[in-house]
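Letter by letter, the chains look like this.
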2 protein chains.
Amino acid sequence: MSGSVAAEEDPLRLDRQVCFPLYAATNLINRLYTPVLRPLRLTYPQYLVMLVLWEEEPQTVGDLGARLHLDSGTLTPLLKRMEAAGLIARRRDPRDERRVLVTLTTDGRDLRAKALHVPATMGQGYDPAGVEELREGVSALVAILARHDGADKIGGDN
Amino acid sequence: MSGSVAAEEDPLRLDRQVCFPLYAATNLINRLYTPVLRPLRLTYPQYLVMLVLWEEEPQTVGDLGARLHLDSGTLTPLLKRMEAAGLIARRRDPRDERRVLVTLTTDGRDLRAKALHVPATMGQGYDPAGVEELREGVSALVAILARHDGADKIGGDN
DNA sequence: CACAACTATATTGTGCGCAATAGATGTGCA
DNA sequence: TGCACATCTATTGCGCACAATATAGTTGTG
């Protein structure tokens, strides 16, 4: 290769990437959640929707998308599967027929009790302080990324 | 909600989750990479495969999977698309016909020059020290998660 | 040599995730 | 009032991501 020291700073090396560990961690976490969520008959994204609905009800598809950073192309079929599973109900908002209100069924509300152990089960064996630090760091990144997401439709350089 | 102070420590609150910001960041990043990688005719996972191959060649499907934490169910069709795009070649290892060796084509090697700007483009506007700190934190998490991943097939408690 | 156990990749089926687009409803403004 | 424009959800097409399974190849043991 080149003899220059600066050439050693190869920006394309996999272990220089920030995004790759995030990508890998997400895949690995998803894989670890799967067996824990299987008894609840939930996938990880469905679990996230339940977390949001357990906090507040009803929510529109747009509300859920804003909270989870997902769009209708992802949420509509996912919510239909959850509706078919009897966890939620979907109906048009009579005050604004463009909106779809998502509410929990009794089964959906009852499922919360069975989910209470999930965070503890998943968090087992990790240093709580380290995890909290990581959560804050990644959350800050999400806040920045979310500002850029879709921003180019409007302003430009925010 | 409840009057109890302990009840406020709801483990199911979305903003208590560590995994959700990781999930959201990954989706947001993927969305931001898409327009940058489009001129290279690469998706983000395909870009990761190219990063690995630009570092070393040839690699088996298993090598790529170990490096990226993906299995053949994901890689096989992805690699076939990259082969159809003329970026890589796949052939059975004559020394061990079970293995498939993945190599770059000339086009694949040449693409590296066009990819050199990608890290700088994506990293624009971020504090390098903060990014590096985050990278180390998430990488450490990946290392831990990877130990658990598939470990239950063998030992049990690592 | 036989043959069971193991390894590596491929296939199948399901569920995201998103860009692009469509279609229906609401809003503002002349 | 009428009509352009914006908003909200749904649909389509494609590419992951993975569990479960299948298939082909290799190795170890007798």
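Our subject in this report is the structure included herewith. Because the structure is predicted, anything quoted here is derived from the model rather than measured.

**Describing the sheet that holds strand β3 (residues 96-104) of chain B**
Residue and element names in this part refer to chain B.
Thinking step 1. Spatially, β1-β3-β2 is the arrangement adopted by the three strands of the open sheet, whose pairing is antiparallel. Unpaired on one side and paired on the other, β1 (59-60) and β2 (88-93) mark the two borders of the sheet.
Thinking step 2. Relative to β3, β2 is paired through six bridges, and the arrangement is antiparallel. In the strand pairing of β3, I88 is matched with L104.
Thinking step 3. Sitting on the sheet, helix α2 (residues 44-55) is in contact with β1, β2 and β3, with an inclination near 95 degrees to β3.

**Re the sheet that holds strand β1 (residues 59-60) of chain A**
Residues and elements named next belong to chain A.
Thinking step 1. Taken in spatial order, the three strands make up an open sheet running β1-β3-β2, and their pairing is antiparallel. The open sheet terminates on both sides in strands that have one partner only, identified here as β1 and β2 (88-93).
Thinking step 2. Where β1 meets strand β3 (residues 96-104), two bridges bridge the pair, whose relative direction is antiparallel. Looking across to β3, one finds that T60 is bridged to L101.

**Let's talk about the interface of chain B and chain A**
Thinking step 1. Contacts between the two partners involve 55 residues from chain B, matched on the other side by 54 residues from chain A.
Thinking step 2. Approximately 5300 Å² of surface area, both sides summed, lies buried where chain B meets chain A, with 73% of it carried by carbon and sulfur atoms.
Thinking step 3. Among the residues chain B hides against chain A, the three largest losses belong to B:L12, B:L14 and B:Y23. Together they make up 14% of the total.
Thinking step 4. Here chain B is connected to chain A by four salt bridges.
Thinking step 5. The residue A:R112 makes a salt bridge to B:D10 at a minimum N-O spacing of 2.8 Å.
Thinking step 6. Inspection of the chain B/chain A interface yields 15 residue pairs in polar contact (both at pLDDT 80 or more).
Thinking step 7. Broken down by secondary-structure element, the contributors of at least two residues to the side of chain B that touches chain A are α1 (19-37), α2, α3 (61-68), α5 (106-115) and α7 (128-148) of chain B.
Thinking step 8. Sorting elements by how many residues they give to the side of chain B that touches chain A places α1(B) first, with 14 residues.
Thinking step 9. Class assignment of the residues belonging to the side of chain B that touches chain A gives a composition of 37 nonpolar, seven polar and 11 charged.

**A word on the packing of helix α2 (residues 44-55) of chain A against helix α3 (residues 61-68) of chain A**
Residue and element names in this part refer to chain A.
Thinking step 1. Across the interface, α2 lies against α3 with an axial gap of 11 Å and an inter-helix angle of 115 degrees. The angle between α2 and α3 falls in the class roughly perpendicular. Crossing of α2 against α3: the hand is right-handed. The residues of α3 that touch α2, namely those facing L48, V49, V52, L53 and E55, are L64, R67 and L68.

**Quick look at the protein's contact with DNA strand C**
Thinking step 1. The environment of DNA strand C is formed by 27 residues, the closest being B:Y23, B:R31, B:T76, B:K80 and B:R90.
Thinking step 2. In the interface set of DNA strand C, defined as its atoms within 4 Å of the protein, sugar plus phosphate atoms amount to 81%.
Thinking step 3. Between DNA strand C and the protein, one listed contact pairs a phosphate oxygen with a backbone N or O atom of B:V61 at 3.4 Å.
Thinking step 4. Those elements that provide at least two residues to the surface near DNA strand C are α2, α4 (72-84) and β3 of chain A together with α1, α3, α4 (72-84), β2 and β3 of chain B.
Thinking step 5. Here the residues of the surface near DNA strand C sort into six nonpolar, 10 polar and 11 charged.

**Description of the protein's contact with DNA strand D**
Thinking step 1. Taken together, 27 residues lie around DNA strand D, and A:Y23, A:R31, A:T76, A:K80 and B:T43 are the ones closest in.
Thinking step 2. Note that a base oxygen of DNA strand D is positioned 3.2 Å from one of the side-chain N or O atoms of A:R98.
Thinking step 3. The backbone of A:V100 places a nitrogen or oxygen atom 3.2 Å from a phosphate oxygen of DNA strand D.
Thinking step 4. Those elements that place two or more of their residues in the surface near DNA strand D are α1 (19-37), α3, α4, β2 and β3 of chain A together with α2, α4 and β3 of chain B.
Thinking step 5. Considered class by class, the residues forming the surface near DNA strand D number six nonpolar, 10 polar and 11 charged.

**Quick word on the relation of the copies chain B and chain A**
Thinking step 1. You can overlay chain B on chain A at an RMSD of 0.0 Å; the transform is a turn of 180 degrees with a shift of 0.0 Å along its axis. Here the transformation between the copies is reduced to the relation of a two-fold axis. Of the C-alpha atoms belonging to chain B, the one lying closest to the rotation axis is found on B:L22, 3.2 Å away.
Thinking step 2. Taken as a fraction of all interface residues of chain B, those also at the interface in chain A reach 98%, which identifies the copy contact as same-surface.

Cut-offs and rules
Residues numbered from 1 in each chain as written. Chains lettered and ligands numbered in written order. Predicted model: local features only at pLDDT ≥ 70, side-chain atom pairs only at ≥ 80, totals over all residues. Heavy atoms only, no water. Pairing = 2+ DSSP bridges. Helix = DSSP H or I, 4+ residues; strand = E, 2+ residues; numbered from the N terminus. Contact = heavy atoms within 4.5 Å. Axes fitted to C-alpha atoms, helices over the stretch in contact; angles between N-to-C directions. Buried area = accessible area lost by both parts, 1.4 Å probe. Salt bridge = Lys/Arg side-chain N within 4 Å of Asp/Glu carboxyl O. Polar contact = N/O pair within 3.5 Å; in protein donor to acceptor, adjacent residues only side chain to side chain. Nonpolar A, V, L, I, M, F, W, Y, C, P; charged D, E, K, R; others polar. Parallel < 35°, antiparallel > 145°, perpendicular 65-115°, else oblique. Left-handed = near helix turned anticlockwise from the far one by under 90°. Near = heavy atom within 4 Å. Least-squares fit on C-alpha atoms with pLDDT ≥ 70 in both.

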